[in-house]
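As a plain string of letters, each chain reads:
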Amino acid sequence: MTPEEAWRALDQDLADYLARKGVAPSCRAGCFACCYGLVSLSRLEAKALLPHLTKAQKARLLEEGPRRLALLAQGKDQEDFPSRFFRSRTPCPLLEGGLCGVYAHRPLACRGLLTQGDPSLCAPEAKAPKGHFLPVPWRMARLRMEALWEEEQRRFGFLVLGELAGLLYLLLTGLPEDRPGVEAKLQALGVLGGRWGFQVV
Ligand code: SF4
């Protein structure tokens, strides 16, 4: 399965599920609180997104990527790192005027995060109640992610998982193709392993 096939398959899964259950998400264009969060994706998925980036998006990633990697190096073992980052309200560098600038090519993790609740509860300070984000769509996204992880392992012999801005930055600036090279680069940056760091599996 390619990432493009996984994106289409998840969109179809979600549309079928929402129609079957009569669930109407309250997510709307221009509502982007979830784009303040840390998003993880695999190298295979990031590589599929890469050719669709505009010059301006690449420029923002070249600026934001090193900053994210430095934050990750400091916080990757701290339990509250993702929630502190979320509260810092640092938008995804692919967010443009309140809309996803790569909507058709956005990661599975972004597609699977839906709510039918009050959108104001998605805000970083709101402390969304349990169940605010729909659990079944998220599990559907997770299953598609796992299929892509297996595909990446089949193709390359190993899998790289990491934070979106940091991973895209590394691909833009040159991430080695071989496993020892990837591990050495991530180790040198201080972002390999730990609770929230990059994973090489
Ligand atoms: S890729 Fe798009 S949907 Fe995902 S966090 Fe970035 S702007 Fe938001």
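Up top you'll find the structure we're talking about.
Quick look at the structure, then. As the structure is a computational prediction, the values presented were derived from the model and not from experiment.

## Side note on the overall build of the protein chain
Consideration 1: On a plain count of helices and strands, the protein chain comes out with 8 helices and 5 strands.
Consideration 2: Its helices and strands in sequence order give the protein chain the pattern α-β-α-α-α-β-β-α-α-β-α-α-β, from N to C terminus.
Consideration 3: For 201 residues, the compact-globule estimate of 2.2 N^0.38 gives 17 Å, and the C-alpha radius of gyration of the protein chain, at 17 Å, lies within 12% of that figure.
Consideration 4: In terms of overall dimensions, the protein chain has a C-alpha envelope of 50 × 35 × 35 Å along the principal axes.
Consideration 5: When each of the 201 residues of the protein chain is scored for burial, the buried share is 43%.
Consideration 6: In the protein chain, 76% of the contacts between residues at least 6 apart in sequence involve partners at least 24 apart.
Consideration 7: Accessible area of the protein chain: about 10,200 Å², with a carbon and sulfur share of 56%.
Consideration 8: Computing the positive centroid from 27 side-chain charges and the negative centroid from 22, the protein chain places the two 3 Å apart.

## Focus on the packing of helix α1 (residues 3–21) against helix α6 (residues 135–156)
Consideration 1: At their nearest, the axes of α1 and α6 sit 10 Å apart, and the two run at 160° to each other. In terms of orientation, α1 and α6 fall into the roughly antiparallel class. Crossing handedness for the pair α1 and α6: right-handed. Here Pro3, Ala6, Ala9, Leu10, Asp13, Leu14 and Tyr17 of α1 lie close against α6, whose contacting residues are Val136, Pro137, Met140, Ala141, Arg144 and Leu148.
Consideration 2: Among the residues forming the contact of α1 with α6, the class breakdown is 11 nonpolar, no polar and 2 charged.

Cut-off values and rules
- Residues numbered from 1 in each chain as written.
- Predicted model: local features only at pLDDT ≥ 70, side-chain atom pairs only at ≥ 80, totals over all residues.
- Heavy atoms only, no water.
- Helix = DSSP H or I, 4+ residues; strand = E, 2+ residues; numbered from the N terminus.
- Rg over C-alpha atoms; globule rule 2.2 N^0.38 Å.
- Buried < 20%, exposed > 50% of the residue type's maximum accessible area, 1.4 Å probe, protein only.
- Contact = heavy atoms within 4.5 Å.
- Areas by Shrake-Rupley, 256 points an atom, 1.4 Å probe, with all protein chains shown as cover.
- Lys, Arg positive; Asp, Glu negative; His and termini not counted.
- Charge placed at Lys NZ, Arg CZ, Asp CG, Glu CD.
- Axes fitted to C-alpha atoms, helices over the stretch in contact; angles between N-to-C directions.
- Parallel < 35°, antiparallel > 145°, perpendicular 65-115°, else oblique.
- Left-handed = near helix turned anticlockwise from the far one by under 90°.
- Nonpolar A, V, L, I, M, F, W, Y, C, P; charged D, E, K, R; others polar.

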